[in-house]
Amino acid sequence: MTTVDSGRSTGLTMLQGKYSGMVVCWILGFGSLVSWNSMLTIGDYYYELFPKYHPSRVLTLVYQPFALATMAVLAFNEARIDTRKRNLTGFTLFFLSTFALLALDFATSGAGGLGNYIGICAIVAAFGVADAFVEGGMVGDLSFMCPEFIQSYLAGLAASGALTSALRLVTKAAFERASNGLRKGVMLFLAISTFFEILCILLYAFVFPKLPIVKYYRTKAAAEGSKTVAADLAAAGIQTVATERADNNAKQLERLSNKQLFFQNFDYFLDLYLIYVLTLSIFPGFLYENTGSHRLGSWYALVLIAVYNMFDLIARYIPLIEKIKLKSRNGLMIATLSRFLFIPCFYFTAKYGDQGWMIMLVSFLGLTNGYLTVCLLTVAPQGYKGPEQNALGNLLVLCLLAGVFSGVALDWLWIIGNGKF
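Conventions used here
- Residues numbered from 1 in each chain as written.
- Predicted model: local features only at pLDDT ≥ 70, side-chain atom pairs only at ≥ 80, totals over all residues.
- Heavy atoms only, no water.
- Helix = DSSP H or I, 4+ residues; strand = E, 2+ residues; numbered from the N terminus.
- Buried < 20%, exposed > 50% of the residue type's maximum accessible area, 1.4 Å probe, protein only.
- Contact = heavy atoms within 4.5 Å.
- Areas by Shrake-Rupley, 256 points an atom, 1.4 Å probe, with all protein chains shown as cover.
- Salt bridge = Lys/Arg side-chain N within 4 Å of Asp/Glu carboxyl O.
- Expected span 1.5 Å × (residues − 1).
- Phe/Tyr/Trp six-rings, centres within 6.5 Å; stacked < 30°, edge-to-face > 60°.
- 1 Å grid on protein atoms, 1.4 Å probe; cavity = no way out; pocket = protein on both sides within 12 Å on 5 of 7 lines; lining within 4 Å.
- Points joined across faces, edges and corners; volume = space filled by probe spheres on them.
- Nonpolar A, V, L, I, M, F, W, Y, C, P; charged D, E, K, R; others polar.
- Arc of directions from axis to C-beta.
- Core = buried A, V, L, I, M, F, W, Y, C linked by side-chain atoms within 4.5 Å.

**Structural notes on the overall build of the protein**
Right, on to step 1. From N to C terminus, the protein includes 18 helices and two strands.
Right, on to step 2. The burial tally for the protein puts 56% of its 421 residues in the buried class.
Right, on to step 3. Expressed as a percentage of contacts within the protein between residues at least 6 apart in sequence, the contacts between residues at least 24 apart total 85%.
Right, on to step 4. For the protein, the computed accessible surface area is about 17,500 Å², with 66% contributed by carbon and sulfur atoms.

Shown next as structure tokens:
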């Protein structure tokens, strides 16, 4: 094992592997949400099995409290949690839960009923716990690395939605007239998700920690007092040794508390919270249940979900162009608040508009969600030390999940008074 003095500067050769790291981050982002996005995308299957139980709304509402509560515990204790064990635990739980969903459908032959619905809800709760482990751990870990890494990870999150939506359209067309075709498409979805979770476990465990640029940033974070990276550095063959200077000057290892970080970045936390309150109050429940019947028939909700995911993915690459990346704190707040104009727009379009107008609105919802998410999560950690950036990344994800949970709860307001509750 190589021993590296954590106080020593690292040469430019340690910055090799940036593009490989971006690819790995993209795949890890894809694996972080592919299981859950598969659940959302196959919503039409669950509406066929459980037509009276509001699957898209209920499953999302089950998922989010577990994700939020777990993330709150992890964010509070992030400085004492081994990031490597945390992320590998999350990806392993995603794999086991997705496989369990596949096994449950095989065991019950795709039957409906309350018992099977409760079993699916239990698996979805495990998805929520896994999401908190992985998303908070990855965003915190990548917050002290180059911005391109976190952008690639966030793009991978969106790509999981876009690609599962595209695949859902293909499988619906391929199996629509086949015997039990809808279920066959769902089985294919879950099998693909299970494969990607295994791939993420292998990439994070054996590939990502050994990239030179990753070793550089983690060594730098360790020199600044981070204890969360020790296992990842050990996996890369590096043992950090504190320098005498760091031992004699404790101020080098001091970091802002979570409370101080929260108040210094309150506007960023509020922005991220409000972005996902608005998005999840519309997507996916409103798009499945409140957009009416149109010429696209059973394809309509799937097309809307696919359009949202596609534009969300596209928007997450826009901030790579520095000239149009929004960095102003006031600008981010104004852009976030202006998105609430979507609420009356969606209401009146669903009531009076044609499907073309709804598709256009959904595309703008996805564009603004993806663009603002990347801008916030790449701008907010700048200017802090490694341990503080890790903590800030965890707190940002906590606010994101709080926004998602609030949005999912508010989404039920769309169906109050329509006689279908």
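**Quick notes on the pattern of salt bridges**
Right, on to step 1. Inspection of the entire model under this criterion finds 10 salt bridges.
Right, on to step 2. As a salt-bridge pair, R218 and D232 come within 3.6 Å of each other at their nearest N and O atoms. In this pair, R218 is assigned in helix α8 (residues 212–223) and D232 in helix α9 (residues 230–235), connecting sequence segments 14 residues apart. The pair formed by R218 and D232 is uniform in burial state, with each residue classed as buried.
Right, on to step 3. The shortest N-O distance in the salt bridge between K220 and E224 comes to 3.2 Å.
Right, on to step 4. Residue E224 is classed as buried on the basis of its relative accessible area, which comes to 18%.
Right, on to step 5. Overlapping salt bridges, with partners in common, bring together R84, D141, R218 and D232 in one network.

**Details of helix α18 (residues 386–411)**
Right, on to step 1. Taking 1.5 Å per residue, 26 residues should reach 38 Å; α18 reaches 37 Å between its end C-alpha atoms and fits that length.
Right, on to step 2. Counting buried positions along α18 yields 23 of 26 residues, so the element is predominantly enclosed.

**Here's the deal with the packing of aromatic side chains**
Right, on to step 1. Considering all chains together, one arrives at 21 aromatic pairs under this definition.
Right, on to step 2. Consider the rings of F50 and Y53, whose centres lie 6.3 Å apart with planes at 25 degrees: the pair is stacked.
Right, on to step 3. The buried category is assigned to F50, whose relative accessible area is 1%.
Right, on to step 4. Here the aromatic rings of Y216 and Y217 are separated by 5.0 Å at their centres, their planes lie at 65 degrees, and the arrangement is edge-to-face. As far as the burial class goes, Y216 and Y217 line up, both buried.
Right, on to step 5. Among the aromatic residues, ring-to-ring pairing joins Y45, Y46, F50, Y53 and Y117 into one connected group.

**Notes on empty space enclosed by the protein**
Right, on to step 1. Tallied over the full model, the rule gives six cavities of 30 Å³ or more.
Right, on to step 2. Quantified by volume, the largest cavity comes out at close to 380 Å³.
Right, on to step 3. Lining the largest cavity we find 27 residues, and of these L33, W36, N37, Y276 and L280 sit closest to its centre.
Right, on to step 4. Here the lining of the largest cavity is composed, by residue class, of 15 nonpolar, eight polar and four charged.

**As for helix α16 (residues 342–352)**
Right, on to step 1. Buried residues of α16: F342, F346 and T349, and no others. For α16, the angular spread of buried residues about the axis comes to 70 degrees, placing them on one side.

**Some remarks on the nonpolar core**
One broad rule of soluble globular proteins: the nonpolar side chains tend to lie buried together.
Right, on to step 1. If you look at the biggest cluster of nonpolar residues, it comprises 115 residues, and the most contacted ones within it are Y46, F149, Y153, F208 and F346.
Right, on to step 2. Y46 has contacts with M39, P51, P55, L59, L101 and I120, leaving out every residue within four places of it along the chain.
Right, on to step 3. The next biggest cluster of nonpolar side chains, apart from the first, holds seven residues, and it includes F30, V34, A155 and L313.

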